[in-house]
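Chain and residue survey
Listed below are the residues making up each chain.
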Amino acid sequence: KEGRAMVGSTVNFMRTQPVAAAAVAIAVIGVAAILGAYYFQFVLGYQPCPLCLEQRFAYYFAIPLSAMILLGLAVGSSRKVLLLALLAIATVMLWNTGLGVYHSGVEWHWWPGPQDCSGATPNFSAGGSLIDQINRTRVIRCDEAAWRFLGLSLAGYNVLISLLLAAIAACGVAALFKQNAPSS
């Protein structure tokens with residue numbers, strides 16, 4: 001019974017306060033994604049490549065902005081401010097979707113990746129101290145997926161999550177337009 005009541009109250013919240021529901025969903029899903037990335041990095045030992053780290057920036061932007069949307073709703077911010085914040089989240093998450101598609105394509109060797117993480121390894125026979133060259137070389141390759149589940153790498157899952165967050169932000173934008181649309 002309690003489970004049904006909780007689901008009912010959640011659905012009611014989504015209907016009565018869709019912008020707040022979108023902001024909460026973006027924050028919760030975004031935090032879960034970042035915590036998942038940290039788990040893979042710090043607990044399981046999968047070191048992120050430069051493209052992996054770059055894909056985190058969108059979450060670092062969207063999570064606090066969604067919290068500020070909630071604050072804005074609490075203090076009565078204008079519709080324009082809320083609209084711009086949701087549009088910014090949607091735009092950044094769509095950009096991140098594209099970056100994730102690019103990274104996935106690099107991992108599948110459909111196209112070349114950036115030279116700093118998928119180029120040729122250093123030439124250790126070029127002279128100089130071999131020890132110094134080895135100590136300076138630390139390349140986490142972007143073109144090798146460290147982990148896959150159901151055929152998708154972490155970059156592939158980032159595509160799905162980023163697209164979902166962009167869609168949620170777009171739903172929040174649509175809800176803002178509906179709230180102020182004239183009734184017929």
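These remarks concern the structure in this document. (Residues numbered from 1 in each chain as written. Predicted model: local features only at pLDDT ≥ 70, side-chain atom pairs only at ≥ 80, totals over all residues. Heavy atoms only, no water.)

**Some details on the overall build of the protein**
Scanning the protein for helices and strands turns up seven helices and two strands. Helices and strands in the protein line up, N terminus first, as α-α-α-α-α-α-β-β-α. Expressed as a percentage of the 184 residues in the protein, the buried residues total 34%. Long-range contacts, defined as pairs at least 24 residues apart, comprise 74% of the intrachain contacts of the protein with a sequence gap of at least 6. Working note: accessible area of the protein is about 11,300 Å², and carbon and sulfur atoms make up 67% of it. (Helix = DSSP H or I, 4+ residues; strand = E, 2+ residues; numbered from the N terminus. Buried < 20%, exposed > 50% of the residue type's maximum accessible area, 1.4 Å probe, protein only. Contact = heavy atoms within 4.5 Å. Areas by Shrake-Rupley, 256 points an atom, 1.4 Å probe, with all protein chains shown as cover.)

**Some remarks on the packing of helix H2 (residues 18-43) against helix H7 (residues 154-179)**
Packing of H2 against H7 brings their axes to within 8 Å, and their N-to-C directions diverge by 165 degrees. Of the possible angle classes, the one that applies to H2 and H7 is roughly antiparallel. At the point where H2 passes H7, the crossing takes the left-handed sense. Facing Pro18, Val19, Ala22, Ala25, Ile26, Ile29, Gly30, Ala33 and Phe40 of H2, the residues of H7 in contact are Leu154, Ile161, Leu164, Leu165, Ile168, Ala169, Gly172, Ala175, Leu176 and Gln179. Partitioning the contact of H2 with H7 into residue classes produces 16 nonpolar, three polar and no charged. (Axes fitted to C-alpha atoms, helices over the stretch in contact; angles between N-to-C directions. Parallel < 35°, antiparallel > 145°, perpendicular 65-115°, else oblique. Left-handed = near helix turned anticlockwise from the far one by under 90°. Nonpolar A, V, L, I, M, F, W, Y, C, P; charged D, E, K, R; others polar.)

**Considerations on helix H4 (residues 79-107)**
Between its terminal C-alpha atoms H4 stretches 42 Å, which fits the 42 Å expected from 29 residues at 1.5 Å a residue. Once H4 finishes, His109 follows within two positions and takes phi at roughly 65 degrees, a positive value. (Expected span 1.5 Å × (residues − 1).)

**Points about the nonpolar core**
Ranked by size, the top nonpolar core spans 26 residues in total, and within it Ile26, Tyr59, Ile69, Leu86, Ile89 and Met93 carry the most contacts. Those elements that place two or more of their residues in this core are H2, helix H3 (50-75), H4 and H7. Once residues within four sequence positions are removed from consideration, Ile89 is found in contact with Ile26, Phe61, Ala62, Leu65, Ser66, Ile69 and Ala169. (Core = buried A, V, L, I, M, F, W, Y, C linked by side-chain atoms within 4.5 Å.)

**Some details on the environment of Ser104**
Its place among the elements puts Ser104 in helix H4. In this structure, the C-alpha to C-alpha distance between Ser104 and Ala155, residues 51 residues apart in sequence, is 5.6 Å. In contact with Ser104, other than residues within four places in its own chain, are Ser153, Ala155, Gly156 and Val159.

**Some remarks on the packing of aromatic side chains**
Going through the model one piece at a time under the given rule, you end up with five aromatic pairs. Judged by centre distance (6.0 Å) and plane angle (50 degrees), the ring pair of Tyr38 and Phe42 falls under tilted. Of the two residues, Tyr38 and Phe42 are both situated in helix H2; the distance of four residues between them amounts to about one turn of the helix. For the pair Tyr39 and Phe40, a centre-to-centre distance of 6.4 Å together with 90 degrees between the ring planes defines the contact as edge-to-face. Among the aromatic residues, ring-to-ring pairing joins Tyr39, Phe40 and Tyr46 into one connected group. (Phe/Tyr/Trp six-rings, centres within 6.5 Å; stacked < 30°, edge-to-face > 60°.)

**Structural notes on the packing of H3 against H4**
Interhelical geometry of H3 versus H4 gives an angle of 165 degrees and a closest axis separation of 10 Å. Classed by the angle they form, the pair H3 and H4 counts as roughly antiparallel. Along this stretch, H3 crosses H4, giving a crossing that reads as left-handed. For the contact of H3 with H4, the per-class residue count stands at 19 nonpolar, six polar and one charged.

**Brief notes about the side chain of His103**
In this fold, His103 is placed in helix H4. Engagement of the side chain of His103 in a polar contact is seen with the side chain of Gln55, the distance being 2.7 Å. (Polar contact = N/O pair within 3.5 Å; in protein donor to acceptor, adjacent residues only side chain to side chain.)

**Details of the side chain of Asn158**
Examined against the element boundaries, Asn158 turns out to sit in helix H7. Separated by 3.2 Å, the side chains of Asn158 and Asn96 make a polar contact. Sequence-distant contacts of Asn158, that is, excluding residues within four places in its chain, are made with Gln55, Tyr59, Asn96 and Gly100.

Honestly, it's all geometry; don't read function into it.
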